[in-house]
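Each chain, written out:
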Amino acid sequence: MTLIALHADVLVTMDEQRREIRDGALVAEGPAVQWVGPTAELPAAYRRLLDEGRAQALDMRGRVVMPGLVNTHHHMYQSLTRAVPAAQDAELFSWLTNLYMLWSHLTPEMVHVSTQTAMAELMLSGCTTTSDHLYLYPNGARLDDAIDAARQMGMRFHAARGSMSLGRSKGGLPPDVVVEDEEAILRDSLRLIQQYHDSARHSMLRVVLAPCSPFSVTRELMRESAILARAHGVSLHTHLAENDNDVAFSREKFGLTPAQYAESLGWVGRDVWHAHCVKLDPEGIALFARTGTGVAHCPCSNMRLASGIAPVRRMRDAGVPVGLGVDGSASNDGAHMLGEARQALLLQRVGHGPAALSARDALEIATLGGARVLNRDDIGALAPGMSADFVSFDLSGVGHAGAGHDPVAALVFCTPANVDTSVINGRVVVEGGRLLTADLPVVLGRHRDLARTLFERAAGH
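Now for a description of the structure that goes with this document. Quantities reported herein were computed from a predicted structural model and do not represent experimental measurements.

1. Comments concerning the overall build of the protein chain
Phase 1 of the analysis: Assigned secondary structure in the protein chain consists of 15 helices and 17 strands.
Phase 2 of the analysis: Here the C-alpha radius of gyration of the protein chain, 21 Å, is about what a compact globule of 461 residues would show, namely 23 Å.
Phase 3 of the analysis: With the C-alpha coordinates aligned to their principal axes, the bounding extent of the protein chain is approximately 70 × 45 × 45 Å.
Phase 4 of the analysis: Contacts in the protein chain between residues at least 24 apart in sequence constitute 75% of all its contacts with a sequence separation of at least 6.

Spelled out as structure tokens, the structure:
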């Protein structure tokens, strides 16, 4: 059915003119937006559809409507291991070391339910498209478990087939028990591409090849993954230059900076994005800008692990595609996309002054920036022909009292709100603040049981 959103206090388009339309309206038919403009200018044909009951009206009075937010980096299974005591006060490498053995007890059901839980949290915070980087597969777990959950939840999904092959016995960071054989990784990667990847416009599911990091896979796997991805037109993703230890590892093992290492393996280009890049140097920024290589900025995680402040302002000024990522729920402990946008703004200002990032810059990174990082031109803005992914926020509550003079900026400056309405691919998935695609209390109950089971199994070993 045709969806017609009417009377938005402000409709933020993120179109080429960055229009913000007062008393805005939007028409969606199927997966695509058909018309955007002031409610008073809604074409007569669409008014007739409303009069005849052949279109669903969404009353947006008192709300800001904007494109759905795009999450470019996550580890959804980690929602099972939030606030683990042994990892609360650690930097990246020791944090990972404390958690690898716990994660070695994951099961297929744990991957499925943790994906549902993480997606519910994202959807309620305004996210409509997400990537997930799943890089360990113990006890029969597969990326298929996350894909099945995404289909149930109704999220637009970039499923990243992560991998680790370089265990401690070969000089890597992860224990051998959580790494895989490289030939098996490449075989499964090809299977997933052939079985699931959809390159069509408005695609709800794309597969990404994503060796975990320079300290957990070999150069050969990085190279072969890039060759395989480009042979099949899929994107590439990994972690890069996350903190000082990460840079030191790259210099010691390879004699290269992280950006030089990525370039040497063919890991630059519009089909590549790297998570974090907190320590990306000026030469690396220039390389990424020149090649269109993307960055997933994860401010909460970078603060939580004391990794530093990513040079987002310099990246954007140079022309590097920058999107937003919540990262795993064990290094952020939250997955609120609007909250992440707020932290992006605040952290840049801590490091670089009050003009380093504006509220509208932060929203652009969270929408158009994410679309560009994921190498998509059909999401991130509301205009005819774009995917029908949009969300509304009700700013009538106490957290936004007094902010009516600039409700768009208030989305970022004020207490992060949950969505009132969310539409993905032309389908209403959140209505009146309630998730429609899953029985959330049931999902959360099972998630709590599985989190407890995971800890009990780890304690038994």
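2. Observations regarding the environment of valine 442
Phase 1 of the analysis: For valine 442, the position within the fold is in helix α15 (residues 440–459).
Phase 2 of the analysis: Separated by 392 residues in the primary sequence, valine 442 and leucine 50 place their C-alpha atoms 36 Å from one another.

3. Some details on empty space enclosed by the protein
Phase 1 of the analysis: Applying the stated criterion to the full structure yields three cavities of 30 Å³ or more.
Phase 2 of the analysis: Here the largest cavity is characterised by a volume of approximately 120 Å³.
Phase 3 of the analysis: Lining the largest cavity are 17 residues, and of these Leu92, Trp95, Leu96, His239 and Glu242 sit closest to its centre.
Phase 4 of the analysis: Examining the composition of the lining of the largest cavity, we find that four residues originate from one element, helix α2 (residues 92–103), more than from any other.
Phase 5 of the analysis: Roughly 40 Å³ of volume is contained in the second largest cavity.
Phase 6 of the analysis: Forming the boundary of the second largest cavity are Pro67, Gly68, Val70, Thr128, Thr129, Ile379, Gly380, Ala381, Ser387 and Asp389.
Phase 7 of the analysis: Here the residues of the lining of the second largest cavity sort into four nonpolar, five polar and one charged.

4. Describing the pattern of salt bridges
Phase 1 of the analysis: Scanning the entire structure with this criterion turns up 26 salt bridges.
Phase 2 of the analysis: For the salt bridge of arginine 63 with aspartate 420, the shortest nitrogen-to-oxygen distance reads 2.8 Å. Of the two residues, arginine 63 is situated in strand β5 (residues 63–67) and aspartate 420 in the loop between α14 (407–413) and β15 (421–424); the sequence distance between them amounts to 357 residues.
Phase 3 of the analysis: A relative accessible area of 17% places arginine 63 in the buried class.
Phase 4 of the analysis: For aspartate 420, a relative accessible area of 16% corresponds to the buried category.
Phase 5 of the analysis: The closest approach of N and O atoms between aspartate 361 and arginine 313, which form a salt bridge, is 3.5 Å.

5. Comments concerning the side chain of serine 203
Phase 1 of the analysis: Note on placement: serine 203 falls in the loop between α5 (182–196) and β9 (205–211).
Phase 2 of the analysis: Ignoring anything within four residues of it in the chain, the contact list for serine 203 reads Arg156, Asp198, Arg376 and Asp378.

6. Here we look at helix α12 (residues 337–352)
Phase 1 of the analysis: For α12, which comprises 16 residues, the first-to-last C-alpha distance of 22 Å matches the rise-based estimate of 22 Å (1.5 Å per residue) to within 8%.
Phase 2 of the analysis: Within α12 the residues assigned to the buried category are Met337, Leu338, Gly339, Glu340, Ala341, Ala344, Leu345, Leu347 and Gln348.
Phase 3 of the analysis: The positive-phi residue at the C-terminal boundary of α12 is glycine 353, with phi of around 100 degrees.

Criteria and cut-off values
Residues numbered from 1 in each chain as written. Predicted model: local features only at pLDDT ≥ 70, side-chain atom pairs only at ≥ 80, totals over all residues. Heavy atoms only, no water. Helix = DSSP H or I, 4+ residues; strand = E, 2+ residues; numbered from the N terminus. Rg over C-alpha atoms; globule rule 2.2 N^0.38 Å. Contact = heavy atoms within 4.5 Å. 1 Å grid on protein atoms, 1.4 Å probe; cavity = no way out; pocket = protein on both sides within 12 Å on 5 of 7 lines; lining within 4 Å. Points joined across faces, edges and corners; volume = space filled by probe spheres on them. Nonpolar A, V, L, I, M, F, W, Y, C, P; charged D, E, K, R; others polar. Salt bridge = Lys/Arg side-chain N within 4 Å of Asp/Glu carboxyl O. Buried < 20%, exposed > 50% of the residue type's maximum accessible area, 1.4 Å probe, protein only. Expected span 1.5 Å × (residues − 1).

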